[in-house]
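Chain residues, written in single-letter form:
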Amino acid sequence: MADPMRIRAVAKDGAVIVKILMSHEMETGQRKDGAGKAIPAHFIQQVSATWQGKVVLSATWGTAISKNPFLEFSFKGGQKGEKIQVTWTDNKGDKRTDEATIN
Amino acid sequence: MSSIKLRAVVALSGLALACAVNAQQAAAPKKAPAPAAKKAASESKDAVTAEFEKFREMMEDASPAELFEAKGEELWKTRRGPKNASLEQCDLGLGPGVLKGAYVQMPRYFADAGQVMDVERRIVHCMVTLQGFKAEDLARQPFSTEAGTPDPVSLVTYVAGQSRGMKIAIPQKHAKEREAYRLGREIFNFRAGAWDFSCASCHGEDGRRIRTQELPNLTSRKDAIRAFQGWPGYRMTGGLMHTLQWRMNDCFRQQRFPEPGYASETIADLLTYMGVNANGYVYKGPGIKR
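Keep in mind that this is a model prediction, so the values were computed, not measured. (Residues numbered from 1 in each chain as written. Chains lettered and ligands numbered in written order. Predicted model: local features only at pLDDT ≥ 70, side-chain atom pairs only at ≥ 80, totals over all residues.)

1. Quick notes on the overall build of chain A
Here is step 1 of the chain: Across its full length, chain A holds 0 helices and 7 strands.
Here is step 2 of the chain: The principal-axis extents of the C-alpha atoms in chain A amount to approximately 55 × 20 × 20 Å.
Here is step 3 of the chain: The 103 residues of chain A split such that 22% are buried.
Here is step 4 of the chain: If you take every contact in chain A between residues at least 6 apart in sequence, the share linking residues at least 24 apart comes to 53%. (Helix = DSSP H or I, 4+ residues; strand = E, 2+ residues; numbered from the N terminus. Buried ≥ 20, exposed ≤ 12 C-beta atoms within 10 Å, placed from the backbone. Contact = placed C-beta atoms within 7 Å.)

What follows is the structure, given as structure tokens:
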């Protein structure tokens with residue numbers, strides 16, 4: 001399974017600010033190796049974050065997102081102690097889900 | 001004549017890129033020993049430097065270096081190698097397994113090895129003695145490339161993170177520690193190689209710059225933090241995690257010196273010289289660079 005994400009979630013003024021660091025090569029498919037052959041594309045295509053069973057963020061990504069991407073967003077509601085889950089899926093079908101507690 | 005100058009400029013610009021990072025990291029030390037001098041330095045910054053600093057502040061909260069800290073923690077605690085042991089008994093100078101504050105007190109003398117060792121040299125030593133890995137294997141490809149990040153790099157990043165927010169306090173108690181400082185200073189000033197450079201050629205005077213990069217004067221107290229802060233650092237270009245061993249290797253390359261030995265005494269001496277000069281400054285943890 002892919003390397004874990006680092007997730008920080010802080011409750012502030014009725015909203016939760018979530019910061020996520022993902023470990024991923026995010027290969028565009030346009031780079032060429034030493035022999036001149038294109039390195040196959042390998043990038044995160046879907047990201048979703050859920051809280052209390054509700055999807056609070058859903059994103060479709062492409063090759064413009066950089067390696068080891070950082071994502072920050074906020075959503076209304078959410079209290080300290082509750083959990084959020086973040087999942088990404090990439091174009092090869094690899095998947096990673098991590099959970100964090102809201103601070 | 002002009003072609004030699006051009007090569008020098010091209011090589012130095014690469015050196016400058018690395019040094020600019022150090023320049024930005026020192027923007028706001030928590031406890032500056034010479035606040036007046038620091039203020040004067042920041043007032044002389046131009047718009048380009050200000051933009052770099054803004055970028056750096058934004059990125060510090062989101063640094064992928066954290067991913068390598070996490071990886072390093074896993075490597076530290078996992079039983080690995082021919083001896084199937086973890087690194088939890090590794091002594092970084094404060095006792096076996098004591099990590100808090102160890103990074104900012106290295107390089108230091110280790111009696112069990114009879115040598116002054118920087119963090120990476122010591123971690124390699126522990127991987128060899130505790131886990132049974134071979135030093136030659138670790139020295140073969142010691143720096144991060146697209147192919148991957150060597151284990152010692154992640155381990156150094158983990159250990160460095162454990163000294164986040166702490167004052168640099170590299171010891172100079174043992175005679176060998178003082179000797180390492182003296183030798184480091186000599187190496188720093190030693191002109192050699194095809195271009196007759198020394199570290200001091202670029203880093204020996206105030207106000208030096210290459211294109212848009214301000215070069216820290218690493219012989220001065222006020223700029224010394226810029227050699228320590230920011231390392232180990234995640235380099236956005238290429239998405240690679242690098243340690244000071246890599247940085248020193250690259251400096252030698254840019255000066256057209258022969259390649260230094262990985263985790264060698266020479267590098268330990270250089271890091272002692274530059275590190276001790278930064279004693280008293282607060283280390284903010286692993287950095288991030290363009």
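Now that the structure has been shown, we can carry on.
2. A look at the overall build of chain B
Here is step 1 of the chain: Across its full length, chain B holds 12 helices and 9 strands.
Here is step 2 of the chain: Here chain B holds 290 residues, and the buried ones make up 44% of them.
Here is step 3 of the chain: For chain B, the proportion of contacts with a sequence separation of at least 24, taken over those separated by at least 6, is 73%.

3. Describing the nonpolar core
Residues and elements named next belong to chain B.
Here is step 1 of the chain: Counting residues in hydrophobic clusters, the biggest one holds 77 residues, and the most contacted among them are V159, F228, M274 and A278.
Here is step 2 of the chain: A per-element tally of this core places helix α12 (residues 265–277) first, with 7 residues.
Here is step 3 of the chain: When neighbours within four sequence positions are excluded, A278 is seen to be in contact with I168, A224, I225, A227 and F228. (Core = buried A, V, L, I, M, F, W, Y, C linked by C-beta atoms within 7 Å.)

4. Some thoughts on the confidence of the model for chain B
Residue and element names in this part refer to chain B.
Here is step 1 of the chain: On average, residues of chain B carry a pLDDT of 87, and 84% of them reach 70 or more.
Here is step 2 of the chain: Every residue in residues 1–37 is under pLDDT 50, and counting partners more than four places away or in other chains gives 59 contacts.
Here is step 3 of the chain: Reported confidences for the modelled complex are a pTM of 0.83 and an ipTM of 0.86. (pLDDT = per-residue confidence, 0-100.)

5. Let's talk about the packing of helix α5 (residues 119–129) of chain B against helix α7 (residues 151–161) of chain B
All names here are of chain B.
Here is step 1 of the chain: Following both chains from N to C, one finds α5 and α7 inclined at 120°, their axes separated by 10 Å at the closest point. The angle between α5 and α7 falls in the class oblique. Handedness of the crossing formed by α5 with α7: right-handed. Taken together, the residues of α7 that come into contact with α5 (itself represented by V119, E120, I123 and V124) are P152, L155, V156 and V159.
Here is step 2 of the chain: Each residue belonging to the contact of α5 with α7 can be placed in one class, and the counts come to 7 nonpolar, no polar and 1 charged. (Axes fitted to C-alpha atoms, helices over the stretch in contact; angles between N-to-C directions. Parallel < 35°, antiparallel > 145°, perpendicular 65-115°, else oblique. Left-handed = near helix turned anticlockwise from the far one by under 90°. Nonpolar A, V, L, I, M, F, W, Y, C, P; charged D, E, K, R; others polar.)

6. Details of the environment of P171 of chain B
Residues and elements named next belong to chain B.
Here is step 1 of the chain: Summarising the element assignment, P171 is placed in the loop between β3 (166–167) and α8 (175–189).
Here is step 2 of the chain: For P171, a count of 17 C-beta atoms within 10 Å translates into the label partly exposed.
Here is step 3 of the chain: Not counting chain neighbours up to four residues away, the residues in contact with P171 comprise Q105, R108 and E177.

7. Digging into the sheet that holds strand β5 (residues 70–76) of chain A
Residue and element names in this part refer to chain A.
Here is step 1 of the chain: Strand order across the open sheet formed by 3 strands is β1-β2-β5, with antiparallel pairing between neighbours. Either end of the sheet is taken by a strand with one partner, and the two such strands are β1 (6–12) and β5. With strand direction ignored, the average angle separating the axes of adjacent strands in the sheet is 15°.
Here is step 2 of the chain: Alignment of β1 against strand β2 (residues 15–21), held across 7 bridges, turns out to be antiparallel. Each bridged residue has a counterpart across the sheet, and for R8 the counterpart in β2 is K19. (Pairing = 2+ DSSP bridges.)

8. Here we look at the packing of helix α4 (residues 65–77) of chain B against α7 of chain B
Residue and element names in this part refer to chain B.
Here is step 1 of the chain: Between α4 and α7, the least distance of the axes is 7 Å, while the angle of their chain directions is 100°. With respect to each other, α4 and α7 are oriented roughly perpendicular. Seen from α4, the contacting residues are A65, F68, E69, K71, G72, E73, L75 and W76; seen from α7, they are D151, V153, S154, L155, T157, Y158 and G161.
Here is step 2 of the chain: Per-class residue counts for the contact of α4 with α7 are 7 nonpolar, 4 polar and 4 charged.

9. As for the sheet that holds strand β3 (residues 44–51) of chain A
All names here are of chain A.
Here is step 1 of the chain: What the 4 strands build is an open sheet, ordered β4-β3-β6-β7; its pairing is antiparallel. Of all strands in the sheet, those with a lone pairing partner are β4 (54–60) and β7 (95–101), marking the two edges. In this sheet, neighbouring strand axes are inclined to one another by 15° on average, regardless of whether the strands run parallel or antiparallel.

10. What about α5 of chain B?
Here is step 1 of the chain: With respect to burial, α5 of chain B is a largely interior element, 8 of its 11 residues being buried.
Here is step 2 of the chain: Residues of α5 of chain B that are buried include every one of V119, E120, R121, R122, I123, V124, C126 and M127 of chain B, and no others.

11. Focus: the environment of N217 of chain B
Residue and element names in this part refer to chain B.
Here is step 1 of the chain: Relative to the elements of secondary structure, N217 occurs in the loop between β5 (213–214) and α10 (225–228).
Here is step 2 of the chain: For the pair formed by N217 and Y181, sequence separation is 36 residues and the distance between their alpha carbons is 17 Å.
Here is step 3 of the chain: Those residues in contact with N217 that sit more than four places away from it in its chain are H203, G204, E205, D206 and D223.

12. Points about the pairing of β4 of chain A
Residues and elements named next belong to chain A.
Here is step 1 of the chain: The sheet contact formed by β3 and β4 spans 6 bridges and is antiparallel. By the bridge assignment, Q46 is partnered in β4 with T60.
Here is step 2 of the chain: The loop that links β3 with its antiparallel partner β4 comprises 2 residues; one of these, Q52, has a positive phi angle of about 50°.

13. Brief notes about the environment of A41 of chain A
Residue and element names in this part refer to chain A.
Here is step 1 of the chain: Considering the arrangement of structural elements, one finds A41 in the loop between β2 and β3.
Here is step 2 of the chain: A tally of 17 C-beta atoms within 10 Å means that A41 is categorised as partly exposed.
Here is step 3 of the chain: Separated by 15 residues in the primary sequence, A41 and M26 place their C-alpha atoms 7.6 Å from one another.
Here is step 4 of the chain: Residue contacts for A41: discarding those within four places in its chain leaves E27, T28, G29, T63 and N91.

14. A look at unusual backbone geometry
Here is step 1 of the chain: That bond from M106 of chain B to P107 of chain B is cis: its omega, 10°, falls within 30 degrees of zero.
Here is step 2 of the chain: Within the fold, P107 of chain B resides in the loop between α4 and β1 (108–110).
Here is step 3 of the chain: The omega torsion of the bond from W231 of chain B to P232 of chain B falls at -10°, within 30 degrees of zero and hence cis.
Here is step 4 of the chain: Mapped onto the secondary structure, P232 of chain B falls in the loop between α10 and β6 (233–235).
Here is step 5 of the chain: Phi at Q52 of chain A takes a positive value of approximately 50°, unusual for a residue other than glycine.
Here is step 6 of the chain: With respect to the helices and strands, Q52 of chain A occurs in the loop between β3 and β4.
Here is step 7 of the chain: The backbone of R256 of chain B sits at a positive phi, close to 60°, despite the residue not being glycine.
Here is step 8 of the chain: Assignment of secondary structure puts R256 of chain B in the loop between α11 (244–254) and α12.

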